[in-house]
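Descriptive analysis of the structure
If you want the building blocks of each chain, they are given just below.
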Amino acid sequence: MNEKKRNRIFWLEGITERTVLNSLNDRTPSRFRQQAARRRLVVTMAVLIFALAVQILLPTTKLQSYIEFALLAVVIILYFVLRKAVRHIADAPNELLDERQIAVRDAAFTVAYRLLAVAFTVYVLLYVAHDVLRDLSFDSDRTALGFMSLLISAAMLAGSLPAMVLAWNLPSEPAVED
């Protein structure tokens, strides 16, 4: 009997079963399987997310919206690269992972949420600084645009931080010999 291949979609995690299994079983060489490359990716992503948040302090111009869009596009692309670099472990449901992977993922989530608490303190301080600048410049556009930029940055950080922690902590994978 032919067994139909399943490809369940895990809506909450935003991933399919086939994607996770293909990623976990992938043996093709990749530079993102090395810890140094993953760490550079994490640092780049953190800097770009921070730049997305800090740009609210700049004067409101048309150029600022273009910069925000470009930063957001690059961050989203890097987010998908990061997910693939950690073999989708941060997004996979428990039933597709073994006990060790679940423990590593859960430990990364614990660290990520502790870092997120600190990050949101920085976001609040940025918003207060933004509010002070708005009051000093009497720029009414600054509030709505700045808050959206800050909100988008916070959402990208919250969504990618578990994978970032995993990418930082996972050791380099050995090269596969055929």
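Coordinates for the structure precede this section.
Criteria and thresholds
- Residues numbered from 1 in each chain as written.
- Predicted model: local features only at pLDDT ≥ 70, side-chain atom pairs only at ≥ 80, totals over all residues.
- Heavy atoms only, no water.
- Phe/Tyr/Trp six-rings, centres within 6.5 Å; stacked < 30°, edge-to-face > 60°.
- Helix = DSSP H or I, 4+ residues; strand = E, 2+ residues; numbered from the N terminus.
- Buried < 20%, exposed > 50% of the residue type's maximum accessible area, 1.4 Å probe, protein only.
- Lys NZ or Arg CZ within 6 Å of the ring centre and 35° of its normal.
- Axes fitted to C-alpha atoms, helices over the stretch in contact; angles between N-to-C directions.
- Parallel < 35°, antiparallel > 145°, perpendicular 65-115°, else oblique.
- Left-handed = near helix turned anticlockwise from the far one by under 90°.
- Contact = heavy atoms within 4.5 Å.
- Nonpolar A, V, L, I, M, F, W, Y, C, P; charged D, E, K, R; others polar.
- Core = buried A, V, L, I, M, F, W, Y, C linked by side-chain atoms within 4.5 Å.
- Expected span 1.5 Å × (residues − 1).
- Salt bridge = Lys/Arg side-chain N within 4 Å of Asp/Glu carboxyl O.
- 1 Å grid on protein atoms, 1.4 Å probe; cavity = no way out; pocket = protein on both sides within 12 Å on 5 of 7 lines; lining within 4 Å.
- Points joined across faces, edges and corners; volume = space filled by probe spheres on them.

**As for the packing of aromatic side chains**
Each aromatic ring pair is characterised by the separation of its centres together with the angle its planes make. Here the structure, examined in full by the defined rule, presents 3 aromatic pairs. Taken together, a centroid distance of 5.6 Å and an interplanar angle of 45° make the contact between F120 and Y123 tilted. One end of the pair is F120 and the other is Y123, both in helix 4 (residues 99-137) and 3 residues apart, which spans about a single turn. Among the residues examined, F120 registers a relative accessible area of 38% and is labelled partly exposed. Above the plane of the ring of W168 lies R39, whose end atom (NZ or CZ) is 4.5 Å from the centre.

**As for the packing of helix 2 (residues 35-54) against helix 3 (residues 62-85)**
As a packed pair, helix 2 and helix 3 sit with axes 10 Å apart at the nearest point and diverge in direction by 150°. Considered as vectors, helix 2 and helix 3 are oriented roughly antiparallel to each other. Helix 3 is crossed by helix 2, and the crossing has left-handed handedness. Residues R38, L41, V42, T44, M45, L48, I49, A51 and L52 of helix 2 form the contact with helix 3, whose own contacting residues are E68, L71, L72, V74, V75, L78, Y79, V81, L82 and A85. Residue composition of the contact of helix 2 with helix 3, grouped by class: 16 nonpolar, 1 polar and 2 charged.

**Topic: the nonpolar core**
The biggest cluster of nonpolar side chains holds 43 residues, and the ones touching the most others in it are M45, I49, L82, Y123, L157 and L166. Only helix 1 (17-25), helix 2, helix 3, helix 4 and helix 5 (141-169) provide two or more residues apiece to this core. In terms of residues, this core owes the most to one element, helix 5, which gives 10 residues. Non-local contacts of I49, meaning those with residues more than four positions away in its chain, are made with V75, Y123, S153, M156, L157 and S160.

**Some words on helix 3**
For helix 3, with 24 residues, the first-to-last C-alpha span of 35 Å sits near the 34 Å given by 1.5 Å per residue. Looking only at helix 3, the buried set comprises Q64, E68, L71, L72, V75, L78, Y79, L82, R83 and A85. In the stretch just after helix 3, R87 is the one whose phi turns positive, near 55°.

**Side note on unusual backbone geometry**
In this structure, R87 is a non-glycine residue whose phi angle is positive, near 55°. Following the sequence through the fold, R87 ends up in the loop between helix 3 and helix 4. Residue class for R87 comes out buried when judged on its relative accessible area of 7%.

**Considering the pattern of salt bridges**
Taken as a whole, this structure holds 7 salt bridges when the rule is applied. The salt bridge partner of R33 is E173, with a shortest N-O separation of 4.0 Å. On the criterion of sequence distance, the pair formed by R33 in the loop between helix 1 and helix 2 and E173 in the segment after helix 5 is long-range, its members being 140 residues apart. According to the relative accessible area criterion, R33 is buried, its value standing at 8%. By relative accessible area, which is 25% here, E173 ends up partly exposed.

**Some details on the layout of surface pockets**
In this structure, the largest pocket occupies an estimated 400 Å³ of space. R87, I89, R100, L170 and E173 are the residues nearest the centre of the largest pocket, which is lined by 19 residues in total. When residues of the lining of the largest pocket are traced back to their parent elements, those giving at least two are helix 4 and helix 5. Of the residues that constitute the lining of the largest pocket, the class distribution is 11 nonpolar, 3 polar and 5 charged. Considered as a void within the structure, the second largest pocket measures approximately 320 Å³ in volume. Around the second largest pocket sit 17 residues that line it, and A46, A119, L157, L161 and M164 are the ones nearest its centre. Of all the elements in the fold, those that place two or more residues in the lining of the second largest pocket are helix 2, helix 4 and helix 5. Taken together, the residues of the lining of the second largest pocket break down into 17 nonpolar, no polar and no charged.

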